[in-house]
Amino acid sequence: MSKAHSQIAGNAIANTLALPCAARKRINITGHQDVLAAIAWSAESGLPLMPLGAGSNVVLPPVLDAAVLNVLDSSTTLLADAQDAVILRVGAGKPWHELVVETVGSGYFGLENLALIPGLVGAAPVQNIGAYGKEFGDFVVAVHGFDLVTGLAQTLSASDCEFAYRDSVFKQKLQDRFLITAVDIELSRKAELNSDYPVLKSRIGSGPVSAQAVLDAVVALRLERLPDPASAPNAGSFFKNPILDAGQLLELQSNEPEVPVYPLPNGLCKVSAAWLIEQAGLRGHSLGRVGVSKQHALVLVTNGSAEQSDVLELARHVHSAVQKRFGVSLEAEPRIYG
Ligand SMILES: Cc1cc2nc3c(=O)[nH]c(=O)nc-3n(C[C@H](O)[C@H](O)[C@H](O)COP(=O)(O)OP(=O)(O)OC[C@H]3O[C@@H](n4cnc5c(N)ncnc54)[C@H](O)[C@@H]3O)c2cc1C
């Protein structure tokens, strides 16, 4: 082990791909004074500050030349309670699935479709987490945090967040610039359930259904369909579903009429990346210490002793096979560091 590496080995960064990673420094954020101390450290060391949560959507290098910031607040506060809806403020350090279970249990509805998504609340706005027909952005009132250059506290409205499919301002111009410390979300007291997503609908069946039943169905579906990071380390969907315009879609469909297509309100269409990877013959394909999951073609798994370079080599292989066969360029969903 090099001297530099042994100095930082104590700052190991846990991640669901189980990649070895040590950061120069870790700073726990409990308030404004910690943010100011982090900014001072960055100015002195010349190294950047990088907010992280539970490491479930990142591909980390062996050494991260930065200070990793972890927000510890996991509180939930009832800000407003009206007849039809409530507004909650939730600390960025709270595990997302705990929030889903607690809100549905309290009779605050909306998050049931987003059950069992790994990670912490603070990362939910970053890629506008989504599943089974719902997205985090559907519920946001405001996102609170600190500007990591000025050190000032700031609140962004839902429209300031520029939410899109697996995207937001926090993944674009505010990446590593804005530390999210809490989110305000509005949930309904009436269970207006969304079980239209085809696999969810067929699991639940017809007739009246409760929010708890939707939550349980989502949990069961996810456990069946996705490899568990505890036994098959992974970062969830490794590629976004590509978005095509009418011309690109027509071209793809002329050769591949079976490709699953999800029309979007803006006239564009999302096509299934998992289908493209599977049709390229890559489901279950392995490359040394990593592979494309046999369970789900969109998930890259490691054997627990892989490094970032192994994952990137496989991702490049998948990208080029899909590009060659379908002329479609896949974009990685997790953030690749280094
Ligand atoms: C098995 C599995 C299934 C998954 N299923 C889904 C799914 O259905 N839908 C979906 O959308 N995602 C899914 N994901 C991806 C992942 O769960 C989400 O992206 C989650 O929000 C990441 O949370 P995290 O705390 O682990 O964030 P991290 O991976 O630690 O960080 C992700 C990004 O967010 C930034 N970030 C984290 N915290 C903060 C903060 N406080 N302030 C500013 N920036 C911050 C980081 O800089 C980084 O860029 C899945 C992942 C796995 C492993």
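Residues numbered from 1 in each chain as written. Predicted model: local features only at pLDDT ≥ 70, side-chain atom pairs only at ≥ 80, totals over all residues. Heavy atoms only, no water.

Looking at an unreviewed UniProt entry, the protein chain carries the name UDP-N-acetylenolpyruvoylglucosamine reductase, with the source organism given as Congregibacter variabilis. The heading Subcellular location (unreviewed entry) in the UniProt record of the protein chain holds the text "Cytoplasm". What the UniProt record of the protein chain gives under Cofactor (unreviewed entry) is the line "FAD". (UniProt positions renumbered as here; feature names shortened; annotations may be inferred.)

Colleague: Can you help me understand the pattern of salt bridges in this one?
Modeller: Two side chains of opposite charge can pair, provided their charged atoms sit close to one another. For the coordinates displayed, the defined rule picks out 15 salt bridges. A salt bridge links Asp 184 to Arg 89; the shortest N-O distance between them is 2.7 Å. Here Arg 89 lies in strand β6 (residues 85-91) and Asp 184 lies in strand β11 (residues 178-188), a separation of 95 residues in the sequence. Overall, the relative accessible area of 32% leaves Arg 89 in the partly exposed class. The partner of Glu 331 in a salt bridge is Lys 240, with the nearest N and O atoms 3.3 Å apart. Of this pair, Glu 331 sits in the loop between α8 (308-326) and β19 (335-336) while Lys 240 sits in the loop between β12 (234-237) and β13 (243-244), placing them 91 residues apart in sequence. Residue class for Glu 331 comes out partly exposed when judged on its relative accessible area of 48%. Its relative accessible area of 11% is what places Lys 240 among the buried residues. Several salt bridges converge on common partners, so that one network encompasses Lys 94, Glu 98 and Glu 102. (Salt bridge = Lys/Arg side-chain N within 4 Å of Asp/Glu carboxyl O. Helix = DSSP H or I, 4+ residues; strand = E, 2+ residues; numbered from the N terminus. Buried < 20%, exposed > 50% of the residue type's maximum accessible area, 1.4 Å probe, protein only.)

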